[in-house]
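Residues per chain are reported as follows:
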Amino acid sequence: MITDKAKESIIAHLKTTYTKMVVGSGGDTTNPSSTVLDIPIDLSAVNLTAYESGNSVEFEGFITGASLVGHNIKEVGIYNAGLTEMLTRIPFENIGPFTSTDSLEINVIMVVE
C-alpha cells in the first residue's frame with residue numbers, strides 16, 4: 001500500500017519532471033528497458049501540460065502538422081526536460097500521414113495506486 005502523502009509526492013514528481021512529449025513512426029518494441037522511441041520524429045518534441053486529478057496526472061501534448069508533414073504516427077513517449085529519461089512509451093494504431101494543416105493532440109493519464 002502506498003500512503004496518500006506518498007501518492008501526492010509521486011504525482012507532483014511526475015508533473016514537474018516529465019515535461020516533454022515526442023512522437024514516432026515505429027511502434028513494435030516491447031522492451032521495458034527502452035530509453036527511446038523506435039523511430040522518433042526529430043521535430044516532434046513539444047512541451048506538455050500536466051493536470052492533477054485525485055490519484056492521477058494527465059499529460060497533454062499538442063503538435064502542429066507542420067512538424068509532422070508526410071509522417072505516420074504509431075508511438076508516443078513522455079520524457080524529462082532534457083529528453084534524457086523516458087517515463088513511458090505507448091504504441092498505438094497508425095495515424096496519418098499528416099499535412100501541414102493538421103494537428104495532433106495526445107493525452108496520457110498516469111494513475112498512482
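Note on numbering: residues in each chain are counted from 1, in written sequence order. Whole-chain, interface and lining totals are the exception, using all residues; otherwise, since this is a predicted model, local features are given only for residues with pLDDT of at least 70 and side-chain atom pairs are given and counted only at 80 or more. Neither water nor hydrogens contribute to the side-chain values; these are computed over all heavy atoms in the structure.

By definition, a salt bridge exists where a carboxyl oxygen of Asp or Glu is found within 4 Å of a side-chain nitrogen of Lys or Arg. Using the criterion set out here, one finds four salt bridges in the structure. Close ionic contact of glutamate 52 with lysine 15 constitutes a salt bridge, the shortest N to O distance being 3.7 Å. Of the two residues, glutamate 52 sits in strand 2 (residues 46-53) while lysine 15 sits in helix 1 (residues 4-17), which places them 37 residues apart along the sequence. With a closest N to O distance of 3.3 Å, arginine 89 and aspartate 38 form a salt bridge. You can see arginine 89 sitting in strand 5 (residues 86-95) and its partner aspartate 38 sitting in the loop between strand 1 (18-24) and strand 2, a full 51 residues away along the chain. Categorising residues by exposure relies on relative accessible area from a 1.4 Å probe, with only protein chains included: less than 20% of the type maximum marks a residue as buried, more than 50% marks it as exposed, and the intermediate range marks it as partly exposed. Classification of arginine 89 by relative accessible area gives buried; the value is 15%. Residue aspartate 38 is classed as partly exposed on the basis of its relative accessible area, which comes to 30%. One network of salt bridges, in which partners are shared, links Asp38, Glu75 and Arg89. Think of it this way: any DSSP run of H or I at least four residues long counts as a helix, any run of E at least two long counts as a strand, and we number them from the N terminus.

Time to look at the environment of glutamate 52. Classification of glutamate 52 as partly exposed rests on a relative accessible area of 43%. Measuring from C-alpha to C-alpha, the distance between glutamate 52 and serine 33 comes to 27 Å, with 19 residues separating the pair along the chain. Contact criterion: two residues are considered in contact whenever any of their non-hydrogen atoms come within 4.5 Å of each other. Not counting residues up to four positions away in its chain, the partners in contact with glutamate 52 are Ile11, Lys15 and Val57.

Okay, the side chain of serine 56 next. Here serine 56 shows up in strand 3 (residues 56-64). Reaching out from serine 56, the side chain makes a polar contact with the backbone oxygen of serine 53 at a distance of 2.9 Å. Once you skip the residues sitting within four places of it in the chain, serine 56 turns out to touch Ile11, Tyr51, Ile109, Met110 and Val111. Any N or O atom pair separated by 3.5 Å or less is treated as a polar contact, with the protein-specific requirement of one donor-capable and one acceptor-capable atom, and with residues adjacent in sequence counted only for side-chain atom pairs.

A pair of strands is considered paired only if DSSP assigns at least 2 bridges between the two. Where strand 2 lies against strand 3, six bridges are found, and the strand directions are antiparallel. Each residue of the ladder has a partner; that of threonine 49, found in strand 3, is glutamate 60. Two successive antiparallel strands, strand 2 and strand 3, enclose a turn made up of two residues, where glycine 54 displays a positive phi of approximately 60 degrees. Strand direction decides the pairing type here: strand 3 and strand 6 (residues 103-111), joined by nine bridges, are antiparallel. Among the inter-strand pairings, valine 57 is bridged to a residue of strand 6, identified as methionine 110.

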